[in-house]
Amino acid sequence: CDSTCTNLVAVEGGVLQPDWTYSGGNVYHSTDSGSSWLADTSAGKRWWWTIALSSDGTHIAATERYGNLWISTDSGASYAMDKSVGGPQDWRAIAISADGTKIAANVWFGAIWYSSDAGASFDELPDAHAPNETSWSGLAMTSSGDKQAACVMGDPRDTRFPGLIYLSPPPPAGTDSPTPSSSALTAKPVAPPTPALPVFGPVTSVSKAWSALSMSSDGMYLTAAVDQEITVPYGGPIFTSSDGGQTWTEDTTVGGVKRWIDVALSSDGWVVAAEIGDRTGDTFSGGGIYISEDFGATGFRKTSAPMAYWHAVAMSVSGGVMAGCVRNGSIWLSKDYGESWAATGPTKDWTSIACDSTCTNLVAVEGGVLQPDWTYSGGNVYHSTDSGSSWLADTSAGKRWWWTIALSSDGTHIAATERYGNLWISTDSGASYAMDKSVGGPQDWRAIAISADGTKIAANVWFGAIWYSSDAGASFDELPDAHAPNETSWSGLAMTSSGDKQAACVMGDPRDTRFPGLIYLSPPPPAGTDSPTPSSSALTAKPVAPPTPAPTPSKKKSDGAVAVGPAVAAVVAALAIALVV
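Note that the coordinates shown come from a computational prediction; the quantities given were computed from them, not determined experimentally.

1. Description of the overall build of the chain
1) Next: Counting its regular elements, the chain contains one helix and 48 strands.
2) Next: When each of the 581 residues of the chain is scored for burial, the buried share is 59%.
3) Next: Contacts spanning at least 24 positions in sequence make up 50% of the contacts within the chain whose residues lie at least 6 apart.
4) Next: Of the roughly 21500 Å² of accessible surface on the chain, a fraction of 55% belongs to carbon and sulfur atoms.

Next comes the structure, spelled out in structure tokens:
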């Protein structure tokens, strides 16, 4: 309310639907001390969460879950959606100064954003981070807006992730009095007096902005890619490991850095990697498809696939069939180990693709169409049962902002994620889909992986956790130890065909050594050794070691044929799709 509670504003979240979305509610306004209320219909129906009002009632700032910030400077007669924060986020608390010129809002597992021009634009506060995950929950400011306070919802089960209270300006070291020397929020611990140390300290020398990760069917070979998009030069190299992730070798054969978006491995040595090309504003110049036939030991070579905004790749167990999908483009297939490529399927905003062990059954998802209000109209899950010759929409899954998808080796089990939404599971080859409800609600899902028989599934959340299912997706459990040293900006995920070994990667921030990008292994290696142990199922950080020579596996391809051995019968590790929007 305003300073006298003559003007009051309130927001509603709407009605929870059977698919766990909200129908949307209104902003309501009262100008007679609450005696009567009218809907501010100009703001639209949304999943509103918090609202703040200036002392004279003219300035209003409101947040929506998995959406945007909305600002009114005319007592609610009209609302404008802020576009300076970069897109929809899971907004939580919001605060406004008495005159409405200063506004602060925070994001669950995100940052604090601040405006000093009545909401015309917002800036991210770079130092507003909890010691670990920024699960922001509360926010307040003085009437002048010159002092702010924020709090984090800590995890009482884990001392590595404390809930702290933050002050701005921050208190100087060793004192309790604020100082105007800084405008960034700095931690003021409630208890204990000093933050608990994380289990894994930052290893700055190996920090990378990892974008994608894939694993062979037995877990011995891994490929990880870098897409550093924050500072110039953009992009990064590919790294390979031939000892289960203990040591890594940087590839130098592709020539310069690339904007890598995804990688996939076959069981017998083939690697396919895709790049998205250089970015100018919101457009990409296009990248290529690169392959290796010996797990990257002798390098990668570029294929004849067209230059495009590639977003995901997949391949059969033997490596003979490869598939890739293009944002706002086609699906492309190669049936001769990457030598030639042909377009198939409708033109869509494809975001992910997966196939069974032979690539007879393929699935792909589209993100939909970006609307003027920065929401997505929603796309479909598509299915092919004839090696990609024809495609049909699995309409039972509904239109959603799909992001990644994984498929079991026989094509019966499908697991898919949606951005700012839910996990969806099919156990009947896509005839029907069920939305998982065990994870507690919508989240910003990223990569997903599935075992050969479909019984084990893992998925991760951007600035969230890794969730794991051992019952074919009937229920999921959060892995409590699956945390990066600071923010869990998970980007890639993979598992072996049995599902007993997993790997995940974090997209680190090269500007800030507090937030390194590490590669995680499960089971974790015991302290002081480089060999994995099955003693724990939690993901534990394994920093990327300095490059070491990798042994060269024997090539499977000879005179256009593949030497079929026991390895060919194993299923390819589930795809890890990294995301770069």
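Now that the structure has been shown, we can carry on.
2. Here we look at the confidence of the model for the chain
1) Next: Here the chain shows a mean pLDDT of 79. Residues at 70 or above account for 76%.
2) Next: In this model, residues 175-205 is a region of pLDDT below 50 whose contacts with residues beyond four sequence positions or in other chains number 69 contacts.
3) Next: Every residue in residues 525-581 scores below 50 in pLDDT, and together they form 169 contacts with partners more than four places removed in sequence or on other chains.

3. A look at the sheet that holds strand β41 (residues 477-478)
1) Next: In space, the four strands of this open sheet follow the order β38-β39-β40-β41, with antiparallel pairing throughout. A strand with exactly one partner marks an edge of an open sheet, and here the two such strands are β38 (445-450) and β41.

4. Re the pattern of salt bridges
1) Next: Taken as a whole, this structure holds 10 salt bridges when the rule is applied.
2) Next: Its salt-bridge partner being R259, residue D227 comes within 2.3 Å of it at the nearest N-O pair. With D227 in the loop between β17 (222-226) and β18 (238-241) and R259 in the loop between β19 (249-250) and β20 (260-265), this residue pair connects regions lying 32 residues apart in the sequence.
3) Next: A relative accessible area of 2% places R259 in the buried class.
4) Next: Taken together, the shared-partner salt bridges in this structure form one network comprising R65, D90 and R92.

5. Examining the pairing of strand β12 (residues 136-141)
1) Next: Inspection of the sheet shows β12 paired to strand β13 (residues 148-152) by five bridges, in the antiparallel sense. The partner of A140 across the bridge, within β13, is A149.

6. Description of the nonpolar core
1) Next: V272, I289, W310 and M322 are the most contacted members of the largest nonpolar core, which totals 19 residues.
2) Next: Mapped by element, the contributors of at least two residues to this core are β20, β21 (271-275), β24 (289-292), β26 (310-315) and β27 (322-326).
3) Next: For this core, the leading source of residues is β26, giving three residues.
4) Next: Beyond its immediate sequence surroundings of up to four residues, M322 is in contact with W270, V272, I291, A314, M315, W332, L333, S334, Y337, G338 and W341.

7. Concerning the side chain of E418
1) Next: Along the chain, the position of E418 falls in strand β35 (residues 414-418).
2) Next: The charged side chain of E418 is buried without a salt bridge, its nearest counter-charge being R400 at 4.1 Å.
3) Next: With residues up to four places along the chain from it excluded, the contact list for E418 reads R400, W401, W402, W403, W424, Q443 and W445.

8. Focus: the packing of aromatic side chains
1) Next: Throughout the structure, instances matching the rule amount to 15 aromatic pairs.
2) Next: Aromatic side chains Y66 and Y420 sit 6.0 Å apart centroid to centroid with 55° between the ring planes, which places their arrangement in the tilted category. Within this pair, whereas Y66 is found in the loop between β5 (60-64) and β6 (69-72), its partner Y420 is found in the loop between β35 and β36 (423-426), the two being separated by 354 residues in sequence.
3) Next: By relative accessible area, Y66 is classed as buried at 15%.
4) Next: Relative to F295, the ring of Y221 lies with its centre 3.8 Å away and its plane at 5°, an arrangement referred to as stacked. Here F295 lies in the loop between β24 and β25 (301-302) and Y221 lies in the loop between β16 (210-215) and β17, a separation of 74 residues in the sequence.

9. A short note on the state of the cysteines
1) Next: Tallied over the full model, the rule gives two disulfides.
2) Next: Note that C1 is cross-linked by a disulfide to C5, the S-S spacing being 2.1 Å. With the S-S bond torsion at -50°, the cross-link from C1 to C5 turns out left-handed.
3) Next: Using a relative accessible area of 45% as the deciding quantity, one classes C1 as partly exposed.
4) Next: Classification of C5 by relative accessible area gives partly exposed; the value is 32%.
5) Next: With a sulfur-sulfur separation of 2.4 Å, C355 is cross-linked through a disulfide to C359. The S-S bond linking C355 to C359 shows a torsion near -45°; that makes this disulfide left-handed.

10. Observations regarding the environment of S78
1) Next: Structurally, S78 can be placed in the loop between β6 and β7 (80-81).
2) Next: On a C-alpha basis, the gap between S78 and A43 in space is 6.9 Å, while along the polypeptide they are 35 residues apart.
3) Next: With residues up to four places along the chain from it excluded, the contact list for S78 reads S42, I71 and S72.

So, how was this worked out
- Residues numbered from 1 in each chain as written.
- Predicted model: local features only at pLDDT ≥ 70, side-chain atom pairs only at ≥ 80, totals over all residues.
- Heavy atoms only, no water.
- Helix = DSSP H or I, 4+ residues; strand = E, 2+ residues; numbered from the N terminus.
- Buried < 20%, exposed > 50% of the residue type's maximum accessible area, 1.4 Å probe, protein only.
- Contact = heavy atoms within 4.5 Å.
- Areas by Shrake-Rupley, 256 points an atom, 1.4 Å probe, with all protein chains shown as cover.
- pLDDT = per-residue confidence, 0-100.
- Pairing = 2+ DSSP bridges.
- Salt bridge = Lys/Arg side-chain N within 4 Å of Asp/Glu carboxyl O.
- Core = buried A, V, L, I, M, F, W, Y, C linked by side-chain atoms within 4.5 Å.
- Lys, Arg positive; Asp, Glu negative; His and termini not counted.
- Phe/Tyr/Trp six-rings, centres within 6.5 Å; stacked < 30°, edge-to-face > 60°.
- Disulfide = S-S within 2.5 Å.

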